[in-house]
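Take a look at the letters that make up each chain.
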Amino acid sequence: MRVLPHTRTTVGPRLRAMALPGLVVASVALVGLLTSGAFAGASPHHSAARAADPRAARVSDPITYSLPPSSDVTAGQQLFEANCSSCHGTDAYGTDRAPNLVGVGAATVDFWVSTGRMPLADSSIQPVRKPPRFDRQQTLSIAAFVASLAPRSTTAPEIPNVDTAGANLATGNVLFVLNCAGCHTVTGAGDALADGYFAPSMHKASKTQVAEAVRTGPGNMPRFGTGTLSDRQVADIVAYVTGPIQHPDNRGGLGLGGIGPVAEGFVALLIGVGGIMLIAFWLGERA
Ligand code: HEC
Ligand code: HEC
C-alpha cells in the first residue's frame, strides 16, 4: 500500500504508540474468548438475544440487594459487643486498633465475617480467609446491627443475592480477564502484590462473597461500583468464578486435553504472547 510521506512521519509513530496498549488488551481479551468457549458456541442464545434487544437483560434482576431483618439487630448488638467491640469500639466508631465501621454497609460486614477474616486474631498481617466463627444467622445479625448504625446509602451496599441462571460465561470470562486476572491470575489462584500484600485465591468464595468483594473492595482490592460494572456484568463474573474457575474440570470451551489450569494457562500465554510478537514484528516491518 502506498502511503503519503507526511502521513508516515507524523501519524505513523503516534499511531503505533497509541495502538500498542490497545492491541495488548485486545489480545488478552481474545485469549479470554478462546479459552471461554465463545468460539466453541457457548451460550449463543444469550448473546444473540441481547444483541437484538438490549432491554432483554433487564427482565429479571441479576442481583438483588437486601438488608437482614431489623429484628436481628438486638442479637447482632450482643454478638458485636462480645466479639468485635474490643477493637472496633462498642459504638463501632473504631479505636486505635481497628477502623470505624459506621456507614460501611451490610455487604462489607457480611464479607469480612462470613469469610472468617473477622474477628481478627493478629492485626499485624493482612487478614486472611479462615473458617468463619459464626453461623449464617449470627453473621446476618451482626451485619444488621452495624447497618442499623447509619442511614441507608448507595455507597454502602446491602447484601447481594446473585441469580446466575441467565448469566453469560463468555462475557464473564472476558470481564474477569480484563478486571480481575491482573491481581488474582487467570486461574483465580491469587498472586503476590506490592509491599507484602497479596490477592487471595477465589476458589472458596461463594456467589454472594464474590459479588461483595467486587462491590465493596476489601483491603487493597479496588471497589467496582455500578458505573464501572453493571449488576448484569457482575453476575456474569460471579457465574464465571463460581463455575469454570472453581470447577476447572467442567469448564467449557477448548478442552486442551484436560491438562489442568496451569498447563492451560501456558497455552493461553503462548497464544497471547505469540499474538503480541506477531503484531510487534508486523509493526516493526512497517517502520
Ligand atoms: C483484634 C482486633 C479486631 C477484632 C476483634 C475485630 N476486628 Fe474487624 N478489623 C480489625 C482491623 C485491624 C481491621 C482492618 C483490616 C485491614 O483493613 O486490613 C478490621 C476490619 C474490619 C472490617 C472492614 C472495614 C472496612 O472498612 O473495610 C469489618 C467489616 C470488620 N473489621 C468487622 C468486624 C466484626 C464484625 C468483628 C466481630 C465479629 C470484628 N471486625 C472483630 C480488627 C479487629
Ligand atoms: C488490585 C488488585 C485486585 C484486583 C484488580 C481485584 N482484586 Fe479481588 N482481591 C484483592 C485483594 C488484595 C484481596 C484481599 C483483601 C483482603 O483480605 O485484605 C481480594 C479479595 C478478593 C476476594 C475474596 C476471596 C476470598 O475468598 O477470601 C474475591 C472473591 C475477589 N477478590 C474477587 C475479585 C474479582 C471478581 C475481581 C474483578 C472484578 C477482583 N477481585 C479484582 C485484589 C484485587
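Chains are numbered independently. Their residues run from 1 in the order of the written sequence. All chains are assigned letters beginning at A, and all ligands numbers beginning at 1, according to the order in which they are written. Totals for whole chains, interfaces and linings use every residue, but because this is a predicted model, local features are given only for residues with pLDDT of at least 70 and side-chain atom pairs only at 80 or more, for both listing and counting.

For the protein chain, the helix and strand inventory stands at eleven helices and four strands. To assign burial, the other C-beta atoms lying within 10 Å of each residue's own C-beta are counted, with C-beta atoms placed from the backbone; 20 or more indicates buried, 12 or fewer indicates exposed, and intermediate counts indicate partly exposed. Classification of the 287 residues of the protein chain by burial places 32% in the buried group. Each helix corresponds to a stretch of at least 4 residues labelled H or I by DSSP, and each strand to a stretch of at least 2 residues labelled E; elements are numbered beginning at the N terminus.

The term nonpolar core refers to a set of buried Ala, Val, Leu, Ile, Met, Phe, Trp, Tyr and Cys residues connected through C-beta atoms within 7 Å. Counting residues in each nonpolar core, the largest one holds 47 residues, and the members touching the most others are Ala143, Val146, Val238 and Val241. Put simply, the parts of the chain that give this core at least two residues each are α5 (106-114), α6 (136-148), β2 (159-162), α7 (169-179), α9 (207-216) and α10 (231-245). Ranked by the residues each element gives to this core, the list is headed by α10, at eight residues. Of the domains in this structure, domain 1 (5-60 + 167-190 + 232-286) and domain 2 (68-148) are the two that each give at least three residues to this core. Domain boundaries shown here were taken from an automatic or database domain assignment.

To define axes, lines are fitted to C-alpha atoms, for helices over the stretch in contact only, and angles between the resulting N-to-C directions are given on a 0 to 180 degree scale. Direction vectors running N to C along α5 and α6 enclose 145 degrees, while the axes themselves pass 8 Å from each other. The crossing of α5 and α6 is right-handed. On α6, the residues touching Ala106, Val109, Asp110, Val113 and Ser114 of α5 are Thr139, Ile142, Ala143, Ala144, Val146 and Ala147. Within the contact of α5 with α6, the residues separate by chemical class into eight nonpolar, two polar and one charged. What makes a crossing left-handed is the near helix being turned counterclockwise from the far one by less than a right angle; a clockwise turn instead makes it right-handed. Here, residue contact means that the backbone-derived C-beta atoms of the two residues sit within 7 Å. Amino acids are sorted into nonpolar (Ala, Val, Leu, Ile, Met, Phe, Trp, Tyr, Cys and Pro), charged (Asp, Glu, Lys and Arg) and polar (every other residue, Gly among them).

Moving on, we get to the confidence of the model for the protein chain. Any region with low pLDDT has predicted coordinates that should not be read closely. Across the protein chain, the average pLDDT comes to 82, with 74% of residues at or above 70. pLDDT is a per-residue confidence score from the predictor, ranging from 0 to 100. Ignoring residues within four places in sequence, the model shows residues 1-20, a span with pLDDT below 50, making three contacts including any to other chains.

Our next topic: the site of ligand 1. As used in this record, a residue near a molecule or strand is one whose C-beta atom, placed from the backbone, is within 6 Å of it. In the neighbourhood of ligand 1, 23 residues make up the surrounding shell, with Cys84, Cys87, Ala98, Met118 and Pro119 lying closest. At four residues, α5 tops the list of elements feeding residues into the shell around ligand 1.

On to the site of ligand 2, then. Inspection of the region around ligand 2 gives 29 residues, with Cys180, Cys183, Ala213, Gly219 and Met221 positioned closest. Put simply, the parts of the chain that give the shell around ligand 2 at least two residues each are α8 (181-184), α9 and α10. The greatest single-element share of the shell around ligand 2, amounting to four residues, is contributed by α9. Looking at the shell around ligand 2, its residues break down into 18 nonpolar, eight polar and three charged.

On to unusual backbone geometry, then. Trans peptide bonds make up the majority, and among non-glycine residues the majority have a negative phi. Following Met118, the chain continues into Pro119 via a peptide bond in cis, with omega recorded as 0 degrees. Summarising the element assignment, Pro119 is placed in the loop between α5 and α6. Even without glycine at this site, Ala92 takes up a positive phi of about 70 degrees. Mapped onto the fold, Ala92 is located in the loop between α4 (85-88) and α5. Since 22 C-beta atoms lie within 10 Å of it, Ala92 is described here as buried. If you check the backbone angles, Thr185 has positive phi at about 70 degrees while not being a glycine. Secondary-structure assignment places Thr185 in the loop between α8 and β3 (191-192).

Here the focus is helix α3 (residues 73-83). The complete set of buried residues in α3 reads Gly76, Gln77 and Phe80. The buried residues of α3 occupy one face: seen down the axis, they fall within an arc of 100 degrees. Those residues of α3 that are exposed and angled more than 90 degrees off the buried face are Thr74 and Ala82. Buried-residue contacts for α3 involve α4 and α6. To be clear, the arc concerns the directions from the helix axis to the C-beta atoms.

Moving on: the packing of α7 against α10. At a closest axis distance of 7 Å, the pairing of α7 and α10 adopts a crossing angle of 95 degrees. Between α7 and α10, the angle falls in the class roughly perpendicular. Between α7, through Leu169, Thr171, Gly172, Asn173, Leu175 and Phe176, and α10, the contact on the second element is made entirely by Gln233, Asp236, Ile237, Ala239, Tyr240, Val241, Gly243 and Pro244. Split into classes, the residues belonging to the contact of α7 with α10 amount to eight nonpolar, five polar and one charged. Each angle receives one of four descriptions, namely roughly parallel if under 35 degrees, roughly antiparallel if over 145, roughly perpendicular if within 65 to 115, and oblique otherwise.

Another point: α10. Expected helix span is computed as 1.5 Å times (number of residues minus one). For α10, which comprises 15 residues, the first-to-last C-alpha distance of 20 Å matches the rise-based estimate of 21 Å (1.5 Å per residue) to within 8%. With respect to burial, α10 is a largely interior element, 13 of its 15 residues being buried.

Once that is clear, we can look at the environment of Thr64. Assignment of secondary structure puts Thr64 in strand β1 (residues 63-66). Judged by C-beta crowding, with 13 C-beta atoms within 10 Å, Thr64 ranks as partly exposed. The sequence separation of Thr64 and Glu158 amounts to 94 residues, and the corresponding C-alpha distance is 9.0 Å.

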